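Fold and geometry: a report
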Amino acid sequence: MTQPFTPDDLILFNDLGQLAVAKSHRTAACVVRSVDIPSDDYVSTIWIFPGDGGEPRPFTAGTGGDNAPAWSPDGTRLAFISARSGTPQVHAMPLSGGEARPLTQLAEGVAQFSWRPDGKGLLVCGAVTIDPETRERRNPSAAPAPEVPELAWRMPYKSDGSGYTLRRAFVLFNVDLASEEARQITPTTFDVLSAAWSPDGTQVVYTRTREGPEAHRTDVWIVRADGSNARQATHELATVMSPQWSPDGRWIVLAGARDEGDAQSRLFLLEVETGALSQLGSDDMEAGPPEALQWLPDSSGVLLIIAQHASQIVVSVTVPGGDVRTLVGGERHIPELCLADGRLYYFSEAADKPRELFARAMGSNKEEQLSSLNAWWWERTPLQAELRSFRVPDGAGGEERIVGWLVRAKGSKGPQPLLVEAHGGPNAFALLGFPWNTYWNTLCSQGWAVVVPHAVGSTSFGRKFAERLNGHWGELDFPQFMAVIDALQADGIASNRLVMAGKSYGGYMTAWAIGHSKRFAAAIVAAPVSNLESHFGTSDGGYYGQPYVLNAERHVEPDRYRALSPVNHIHECTTPTLILQGKEDERCPRGQSEELFATMRRAGNRNVEMVMYPGGGHHFFETGKPSHRLDVVRRMKAWIEKWAGKDARKTEMVDEWSGREDSNLRPPAPHAGALPSCATPRPSPEL
């Protein structure tokens, strides 16, 4: 007998990530993150999945927030970052177990690391303290108290999850394990974001921020292992990520974007000797997580995850030809992969399946499940998720087809009440992991259907489809959302009980929807963009992201920013609305929620509540305190039951959403023609 999903299932979920596989004996290691209720925090434990078919087991106790596992080149030791000694340092343990031995003693801790190819040293990225007044490194023991003035002399000066950032820099250290010497090989005038050894261990390729007014842009640099002869290797890209050196030393592959503000990454190939940079694959091939990039052992190609039609699949790409072949497909998400001795290891998840670890031989379709750390899932209401096609208006007088995830309890019969979910971005696609969407399972267990449309602007459907929304937020995608609702109602799947919800850009779209339609019984707006004018200057990436996605500079076309701001259309909204916000969010700052709340209340909507989560950043929903995440799901469930449940009070709202003919306020006509681009395009933090 199965049980319904509940908000408390969040406590049971084991989140797998940070995959590493020993090539010599095919032993997989990954981090398993679980909720610890007494501490209102998380435990990160490294688990081992033996290649010989032995039983999986915890390798560490998780008391130090263990993460970032990496096998030594000979496969005899597993290194990882742990704060068990106070600050995050690299530790190592033999495969047979025993005590963890610290390999680094950096005063301010370690953020990333990798083994030197000979196993005798480490490449470590760590933070150092900077004096904002002098721009020079400070003695960490004399670090200023947090209350001292925070000087901003360049942008960006803050980041979501970190706050003020100009008091520290991330630099590279070459750590010799025999002498325990840590030699700093990059200066403190920029931040190193990722790094990798050359195959012979004599050089390092790394990504770093620029200096001066373009500090939000990144480039690939190459430096000798002793810190000498640093040279810039890319110039024409606006953002670069996770360069990886080919085993033969001839090539470096990387993910990146040409334009500032472009959230879609493409694959690029750098020839080390000549410095020639070329794109691998078509412009419509969107590279997924950059850390998943991996070379084939003979340097003939690379493996990577790409986004395709709302799914994530594994492909191989030949070098230098760029021919693409699908290795692992399906309507699901594959967030990480690793190749070891001709065998692929990867995580897989879907809206109706929890994340687990799988493996298969290269070229084989036979998939083996290696983990079962979320077995409780199968004791709950069985779910079904399908990628459904919808015919919608294209904004130019015609029609086009889009797809959306439709999630329901298995065997559901309509019409069902419908939650319409808007994903973030907008240049993104719906994430399917349970931590992002815990409330979907809860609602589906109670007879609801959930639909997540991939309206125009969504990625994974080609560059043109994503870029068409630039400068037309709300104008082009909102009518497509409404057409999806109409189709589901016409097909007998959805009833007239409708709720709209979304976070980040999804919060924008939800606020836009309830400002232009009265069809919704309730709405939930989380971490939104509500005022594009104020978001431009208060978001950590608004000043360079918005000119790209809006096709307009704020000081040149302020009317465009105002016209596309939901806060300027919300005064006639009568939809009961719950607003959820991380109080320390720097991506979509709390003022965006406060402006929306104040405007709605002042305009007479009494059924609006706002909840702030202290300490919460932009991802309070997915990675915030467990108690806050539980509160979010419980509060959403209660709000939906109050205003749209089968026993909801019959108020004047019933007449507003019970019929379709007169239920829509007229949306504004799409802006005629493309807006002139007044900005150099820039890479944008995802909303």
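From a predicted model like this one, the values you see are computed outputs, not experimental measurements.

Conventions used here
Residues numbered from 1 in each chain as written. Predicted model: local features only at pLDDT ≥ 70, side-chain atom pairs only at ≥ 80, totals over all residues. Heavy atoms only, no water. Pairing = 2+ DSSP bridges. Helix = DSSP H or I, 4+ residues; strand = E, 2+ residues; numbered from the N terminus. 1 Å grid on protein atoms, 1.4 Å probe; cavity = no way out; pocket = protein on both sides within 12 Å on 5 of 7 lines; lining within 4 Å. Points joined across faces, edges and corners; volume = space filled by probe spheres on them. Nonpolar A, V, L, I, M, F, W, Y, C, P; charged D, E, K, R; others polar. Polar contact = N/O pair within 3.5 Å; in protein donor to acceptor, adjacent residues only side chain to side chain. Contact = heavy atoms within 4.5 Å. Salt bridge = Lys/Arg side-chain N within 4 Å of Asp/Glu carboxyl O. Buried < 20%, exposed > 50% of the residue type's maximum accessible area, 1.4 Å probe, protein only. Phe/Tyr/Trp six-rings, centres within 6.5 Å; stacked < 30°, edge-to-face > 60°. Lys NZ or Arg CZ within 6 Å of the ring centre and 35° of its normal.

**A short note on the pairing of strand β14 (residues 168–176)**
Note on strand geometry: in a regular strand, side chains alternate between the two faces of the sheet. Alignment of strand β10 (residues 121–131) against β14, held across nine bridges, turns out to be antiparallel. Paired with Ala127 across the strands is Phe170, a residue of β14. With three bridges joining them, β14 and strand β15 (residues 182–184) adopt antiparallel strand pairing. What sits directly across from Phe173, in β15, is Gln184. Count of turn residues in the β14/β15 antiparallel hairpin: five residues, of which Glu180 carries a positive phi of about 65°.

**Describing empty space enclosed by the protein**
By the definition in use, this model includes 10 cavities of 30 Å³ or more. Surrounding the second largest cavity, Ala422, His423, Pro426, Ala455, Val456, Gly457, Ser458, Leu469, Asp477, Phe481, Tyr505 and Met509 form its lining. Those elements that place two or more of their residues in the lining of the second largest cavity are α3 (477–490) and α4 (505–516). Looking at the lining of the second largest cavity residue by residue, the classes come out as eight nonpolar, three polar and one charged.

**Here's the deal with the sheet that holds strand β17 (residues 203–209)**
Read from one edge of the open sheet, four strands run β16-β17-β18-β19, paired in antiparallel fashion. Both edges of this open sheet fall to β16 (192–197) and β19 (231–232), since each of them pairs with a single strand only. In the sheet, strand β18 (residues 218–224) pairs with β19 via two bridges, with the strands oriented antiparallel. Within β19, the position partnered with Trp221 by the bridge is Gln232.

**Quick look at the side chain of Ser198**
Along the polypeptide, Ser198 turns up in the loop between β16 and β17. A distance of 3.3 Å separates the side chain of Ser198 from the backbone nitrogen of Thr202, its partner in a polar contact. Excluding residues that lie within four positions of it along the chain, Ser198 makes contacts with Pro117, Gln203 and Trp245.

**Topic: the pattern of salt bridges**
Enumeration according to the criterion identifies 37 salt bridges in this entry. Note that Asp219 and Arg210 form a salt bridge whose closest N and O atoms lie 2.7 Å from each other. Taken individually, Asp219 and Arg210 each receive the classification buried, so the pair is uniform in this respect. In this structure, Arg343 engages Glu368 in a salt bridge whose closest nitrogen and oxygen atoms are separated by 2.6 Å. Of this pair, Arg343 sits in strand β30 (residues 343–350) while Glu368 sits in strand β32 (residues 368–369), placing them 25 residues apart in sequence. Taking relative accessible area as the criterion, Glu368 reaches 40% and is therefore assigned partly exposed. Several salt bridges share partner residues, and in doing so they unite Asp262, Arg266, Asp283, Arg463 and Glu467 into one network.

**Focus on the packing of aromatic side chains**
Within this structure, the stated rule accounts for 19 aromatic pairs. Ring centres of Phe13 and Phe434 lie 5.1 Å apart, and the angle between their planes is 45°; on these two criteria the pair is classed as tilted. Of this pair, Phe13 sits in the segment before β1 (15–22) while Phe434 sits in the loop between β35 (416–422) and α1 (438–445); the two residues are 421 residues apart in sequence, bridging distant segments of the chain. Note on accessibility: Phe13 and Phe434 belong to one class, buried. Consider the rings of Tyr543 and Tyr544, whose centres lie 5.0 Å apart with planes at 85°: the pair is edge-to-face. Judged by its relative accessible area of 10%, Tyr543 falls in the buried class. A network of ring pairs unites the aromatic residues Phe5, Phe13, Trp376, Trp377 and Phe434 as a single cluster. The positively charged end of Arg208 is found above the aromatic ring belonging to Phe190, 3.7 Å away from the centroid. Above the ring of Trp221, the side-chain terminus of Arg208 is found at 4.5 Å from the ring centroid.

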